[in-house]
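Here's the letter readout for the chains.
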Amino acid sequence: MNSAALVVSPQAKAAAAAAAACAKSLKAISYPGPPSNGSPTVSDARCRNGHIVTYGARNTIIYSAPPASLVPAGELLFAQNCSSCHGQNAQGGAAGPPLIGVGPATVNFWVTTGRMPAATPLSIQAQPKPPRLTAVEALKIAAYVNSLHPAAPFIPTVNVKAANLTDGASLFALNCAACHTITGAGDELAYGTNAPTLHGFTSRQVAEAIRTGPGNMPWFTGNLTDAQVRDIAAYVTEKIQHPSNPGGAGLGGVGPVAEGFVALLFGVGGLMLICFWIGDRA
Ligand code: HEC
Ligand code: HEC
């Protein structure tokens with residue numbers, strides 16, 4: 001054997017060490033679910049200083065870690081707004097669950113939808129409300145929580161331009177309409193909980209909801225590919241939030257049965273008026 005083949009260049013050594021660190025980081029942040037169904041994989045992850053910073057694909061969803069430079073500011077915001085319930089180091093307490101390892105998308109979702117900071121501890125279901133913190137503050141807090149224990153899912157950016165809205169419509173009907181209704185208006189669920197309206201949310205928040213399963217919503221990690229999540233998010237933000245109502249007035253999207261009833265009421269009612277009028281003249 002040629003001994004020269006055993007000599008490893010410093011560059012090759014450094015590259016091997018970086019690859020090992022990246023693989024470790026990938027293992028540390030990965031979450032259940034088959035590869036390419038929203039979990040990071042070796043092939044779609046990008047690494048910096050031994051840490052995964054983004055994963056995913058440009059034409060579907062890119063998941064990004066909040067920048068490490070935001071951690072100190074996030075720590076301060078956390079102490080001011082969150083630690084009273086979630087504990088000084090996010091370890092959890094009597095008034096709130098632990099946030100260690102929940103992943104940046106979960107933190108970002110709960111803060112940008114206004115669920116957090118909660119108004120009252122331990123309600124049946126934290127309600128979305130106008131957010132008290134800004135999007136940048138949410139990102140800072142996500143950076144701090146992620147620094148305690150890096151975890152996926154990272155914060156998604158959805159390429160809605162590449163979406164297939166027809167697929168989005170059928171995927172929505174199949175996976176979401178049972179709870180949120182076909183028009184996305186939301187509905188009551190059991191035990192005083194409800195599936196909220198889907199109007200007024202961004203494609204990022206829709207993808208975060210699907211990938212993190214907030215509260216009583218199921219966790220779709222593993223069931224839906226990133227392309228499918230992209231199609232649903234685009235359908236919600238482009239079609240559900242801007243219905244075109246083919247064939248006339250939307251009637252508030254009350255649904256085919258109720259809309260048929262409105263047609264009966266005015267159609268048959270109108271016909272009866274005409275009958276009375278003809279009858280009168282006879
Ligand atoms: C008044 C107490 C309170 C405050 C303040 C509060 N939380 Fe919460 N938080 C809760 C409770 C209770 C839950 C569980 C609610 C539920 O499941 O509906 C929760 C749930 C969460 C979750 C979801 C955890 C999971 O595993 O799904 C996140 C993320 C979160 N909080 C982040 C924050 C952040 C960030 C702040 C500060 C900006 C904050 N919370 C402030 C009480 C609080
Ligand atoms: C089993 C019922 C159920 C199904 C199925 C379901 N959801 Fe949800 N969804 C919920 C509930 C409950 C919440 C509120 C969670 C909370 O606040 O505790 C929610 C919250 C959301 C939110 C956040 C809205 C807000 O008010 O902040 C979005 C967005 C969302 N769902 C989208 C979807 C999409 C898209 C699908 C299909 C892929 C889906 N959901 C399927 C029950 C469901």
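For the structure given in this document, a descriptive report is provided here.

About the criteria used
Residues numbered from 1 in each chain as written. Chains lettered and ligands numbered in written order. Predicted model: local features only at pLDDT ≥ 70, side-chain atom pairs only at ≥ 80, totals over all residues. Pairing = 2+ DSSP bridges. Helix = DSSP H or I, 4+ residues; strand = E, 2+ residues; numbered from the N terminus. Near = placed C-beta within 6 Å. Nonpolar A, V, L, I, M, F, W, Y, C, P; charged D, E, K, R; others polar. Axes fitted to C-alpha atoms, helices over the stretch in contact; angles between N-to-C directions. Core = buried A, V, L, I, M, F, W, Y, C linked by C-beta atoms within 7 Å. Buried ≥ 20, exposed ≤ 12 C-beta atoms within 10 Å, placed from the backbone. Contact = placed C-beta atoms within 7 Å. Parallel < 35°, antiparallel > 145°, perpendicular 65-115°, else oblique.

## A short note on the pairing of strand β1 (residues 45-48)
Right, on to step 1. Strand direction decides the pairing type here: β1 and strand β2 (residues 51-56), joined by 4 bridges, are antiparallel. Residue A45 lies in a different strand from β2, and its bridge partner there is Y55.
Right, on to step 2. Once β1 ends, the chain turns through 2 residues before running back antiparallel as β2, passing N49 with a positive phi of about 50°.

## With respect to the site of ligand 1
Right, on to step 1. For ligand 1, the set of nearby residues contains 24 residues, the closest of which are C82, C85, G96, M116 and P117.
Right, on to step 2. Of all elements in the fold, only α3 (83-86) and α4 (104-112) reach the threshold of two or more residues within the shell around ligand 1.
Right, on to step 3. A per-element tally of the shell around ligand 1 places α4 first, with 4 residues.
Right, on to step 4. Taken together, the residues of the shell around ligand 1 break down into 17 nonpolar, 7 polar and no charged.

## What about the sheet that holds β1?
Right, on to step 1. Spatially, the 4 strands line up as an open sheet ordered β1-β2-β3-β4, and their pairing is antiparallel. The open sheet has two edge strands, β1 and β4 (155-158), and neither has a second partner. Here the average twist between neighbouring strands, direction ignored, is 20°.
Right, on to step 2. As defined by bridge partners, β2 adjoins strand β3 (residues 61-64) across 3 bridges and the pair is classed as antiparallel.

## A few points about the nonpolar core
Right, on to step 1. Ranked by internal contacts, the top residues of the largest apolar core, which has 51 residues, are I141, I232 and A233.
Right, on to step 2. Among all residues touching A233, those that are not within four sequence positions of it are V158, V160, S203, V206 and A207.

## Some details on the environment of L99
Right, on to step 1. Turning to its location among the elements, L99 is positioned in the loop between α3 and α4.
Right, on to step 2. Residues L99 and H149, spaced 50 residues apart in sequence, show a C-alpha to C-alpha distance of 9.4 Å.
Right, on to step 3. When neighbours within four sequence positions are excluded, L99 is seen to be in contact with H86, A90, V107 and V145.

## Notes on the packing of helix α6 (residues 165-175) against helix α9 (residues 226-240)
Right, on to step 1. In contact at an axis separation of 8 Å, α6 and α9 are set at 90° when each is read in the N-to-C sense. As judged from the angle between their axes, α6 and α9 are roughly perpendicular. Contacts between α6 and α9 involve L165, D167, G168, A169, L171 and F172 from the first element and Q228, D231, I232, A234, Y235, V236, E238 and K239 from the second.
Right, on to step 2. Counted by class, the contact of α6 with α9 contains 8 nonpolar, 2 polar and 4 charged residues.

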